[in-house]
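Observations on the three-dimensional arrangement
One-letter residues, chain by chain:
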Amino acid sequence: MRFLELYRWIKSAFIYRINKNIDRDKYLWVFGCWGGMKYADNSKYLFEYIVKNYPQIRAVWITINSDIYDTLKNNNKEVYLANSFLADRILKKAGVAFFTNSLNDFGDNPMLNGAKICSLFHGVGFKKELRELDNQNTFKSKLKLLKHRIYDLSYTSLIFTTSDFLKKKFHRQQYNAPLERIILTGQPRNDVFFERGNKNRDEKLILYLPTFREDEIGKRELERIINEMVDSETLNTSLGEAGYRLIIKPHYLTKVHKNNNLSNIRLYDDSDIPDIQRLLMNIDILITDYSSVIGDFVLLNRPIIFFSYDLDKYKKLKPMDSEYDEVLNETYVTTLDELLSLLNKLFYNQVNYQSVNNIINNYINAPFLRNGEYCKNICDYMFTYLNINR
């Protein structure tokens, strides 16, 4: 497996290096996300915004998913299948590239050497990434730094984020990326929260979005928790009495039985929720644990419950920023009984969740980035940066 990974890295590095092109079209912008598998997240929202508002920009989507290709093609969007001749030709000419995960969002042939590579990323939150933990004086860290200088899937010219706290995190994560190249604009996907006429408030909804556990013990414990919730008559009755429905959306690799026998509890998978942001817009209470989704949902100023039942175990495997502990107060629970008790209090406005939201916003969303227009912020910056006339 490691040999295969090394081979792919050498191949990608070779393609990236030999295809350097500084004579690029600054009006040609390419977009991709999630290894080319999805049409979603920040890249999708920015892509659609530019297609709608800036006809002078040639916006192109790159994907490895034939279903996405067909859908976009049928909707008159310019799209190419990654690793094809046409996609490679576009990538080699593009002046700007936006990704959410890495250069792999554009396929196996990263012909973007010389383009302005812009990272939108998926989310950060309070989890520490591996590069934040490394002692930079160790041999391993120096070797990783050398590898990064030769080629790295996280190469960026610009990084767009939401606060000074996250700006410093990206600075550490991205091999000491210059702070002046990390720009505060907000996340494009969150513009949906501020669209007029986009609220469907006919029913009251709770969403449970647990973080994926990578270790086997953690996986089994989460699966047990979810299965107990799905089968809980007590929880179902409390929800019904207060007029709420609970949606449980685990990671796609989490194994749970999808019986949906109870009237007020539903277990969803990726096929049920094509766009998580549209769902969040209609959620009244969010239940999560370590997920970066809190930075999105807090913009709606609604209750967030931290169901971090395995906090100490999780921290040993996935270290957290010390700031995370600050949000674990009024809406922090560790058992299903505590969760049910807290929900009953929230149903009748007996919890001061606003103090928790204030703490989250202080770290995740700068005060001037809590009212939308995030796509516009990025476009304003890029047009000035590239000296493009409107």
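Structural data are supplied above this passage.
About the thresholds
- Residues numbered from 1 in each chain as written.
- Predicted model: local features only at pLDDT ≥ 70, side-chain atom pairs only at ≥ 80, totals over all residues.
- Heavy atoms only, no water.
- Salt bridge = Lys/Arg side-chain N within 4 Å of Asp/Glu carboxyl O.
- Helix = DSSP H or I, 4+ residues; strand = E, 2+ residues; numbered from the N terminus.
- Buried < 20%, exposed > 50% of the residue type's maximum accessible area, 1.4 Å probe, protein only.
- Polar contact = N/O pair within 3.5 Å; in protein donor to acceptor, adjacent residues only side chain to side chain.
- Contact = heavy atoms within 4.5 Å.
- Pairing = 2+ DSSP bridges.
- Core = buried A, V, L, I, M, F, W, Y, C linked by side-chain atoms within 4.5 Å.
- Expected span 1.5 Å × (residues − 1).
- Arc of directions from axis to C-beta.
- Axes fitted to C-alpha atoms, helices over the stretch in contact; angles between N-to-C directions.
- Phe/Tyr/Trp six-rings, centres within 6.5 Å; stacked < 30°, edge-to-face > 60°.
- Disulfide = S-S within 2.5 Å.

**Section: the pattern of salt bridges**
For side chains of opposite charge, pairing can occur when their charged atoms come near one another. For the coordinates displayed, the defined rule picks out 16 salt bridges. Because the salt bridges share partners, they merge into one network encompassing Asp41, Arg189 and Asp296.

**Remarks on the environment of Glu338**
As for its position among the elements, Glu338 is in helix α13 (residues 336–347). For Glu338, a relative accessible area of 36% puts it in the partly exposed group. Taking the C-alpha atoms as reference points, Glu338 and Phe307, 31 residues apart in sequence, are found 9.1 Å from one another. From its side chain, Glu338 meets the backbone nitrogen of Thr334 in a polar contact 2.7 Å long.

**A look at the environment of Asp275**
Note on placement: Asp275 falls in the loop between β10 (265–267) and α10 (276–281). Considered as a pair, Asp275 and Phe47 are 228 residues apart in the sequence and their alpha carbons are 15 Å apart. When neighbours within four sequence positions are excluded, Asp275 is seen to be in contact with Lys44 and Tyr45.

**Brief notes about the pairing of strand β4 (residues 94–99)**
Burial of β4 is extensive: 6 of the 6 residues sit out of reach of the surface. In terms of strand pairing, strand β1 (residues 25–31) meets β4 through 4 bridges, oriented parallel. Opposite Phe31, over in β4, you have Phe98 as the bridge partner.

**With respect to the nonpolar core**
In globular proteins that are soluble, nonpolar side chains generally tend to be buried together. Residues Val30 and Leu112 are the most contacted members of the largest nonpolar core, which totals 69 residues. Not counting chain neighbours up to four residues away, the residues in contact with Val30 comprise Val60, Ile62, Ile90, Leu91, Ala94, Val96, Ala97, Phe98, Phe106 and Leu112. Listed in part, the 29 residues of the second largest apolar core include Ile225, Leu246, Ile285 and Val333.

**Some thoughts on helix α15 (residues 374–386)**
The terminal C-alpha atoms of α15, which comprises 13 residues, lie 18 Å apart, in line with the 18 Å expected from a rise of 1.5 Å per residue. Those residues of α15 lying buried are Tyr374, Cys375, Ile378, Cys379, Met382, Phe383 and Leu386. End-on view of α15: buried residues confined to an arc of 165°, all on one side of the axis. Its buried side turned inward, α15 meets β1, α2 (41–53), β4, β5 (116–119) and β6 (158–161). Directly after α15, the chain includes Asn387, whose backbone phi takes a positive value near 60°.

**What to know about the sheet that holds strand β7 (residues 182–184)**
Taken together, 7 strands build an open sheet; the order of strands is β3-β2-β1-β4-β5-β6-β7 and the sheet is parallel. Edge positions in the open sheet fall to β3 (79–81) and β7, since each of these has one partner strand only. Each strand axis lies, on average, 25° off the axis of its neighbour in the sheet, ignoring direction. The strands that helix α7 (residues 164–173) touches are β6 and β7; relative to β7, the one it contacts most, it runs at about 165°.

**A short note on the pairing of β5**
For β4 and β5, the ladder comprises 4 bridges, and the chain directions are parallel. Its bridge partner lying in β5, Ala97 is registered against Ile117. Note that β5 and β6 share 2 bridges and pair parallel. The residue bridging Cys118 from the neighbouring strand is Leu158, located in β6.

**Remarks on the packing of aromatic side chains**
According to the stated counting rule, one finds 28 aromatic pairs in the structure shown. A ring pair is formed by Tyr16 and Tyr151, whose centres lie 5.3 Å apart and whose planes are at 50°; its orientation type is tilted. Of this pair, Tyr16 sits in helix α1 (residues 2–18) while Tyr151 is found in the loop between α6 (139–150) and β6, placing the two residues 135 residues apart along the sequence. One exposure class covers both Tyr16 and Tyr151, and it is buried.

**Brief notes about the state of the cysteines**
One pass over the full model with this rule turns up 0 disulfides. In this model Cys33 remains outside any disulfide bridge; the closest cysteine sulfur is found in Cys375, 14 Å from its own. The class for Cys33 is buried, based on a relative accessible area of 0%.

**Describing the sheet that holds strand β9 (residues 244–248)**
If you walk across this open sheet you meet the 6 strands as β10-β9-β8-β11-β12-β13, and the pairing is parallel. Each edge of the sheet is formed by a strand with only one pairing partner; in this case those strands are β10 and β13 (332–333). Across 3 bridges, the pairing between β9 and β10 is parallel. Looking across to β10, one finds that Ile248 is bridged to Leu267.

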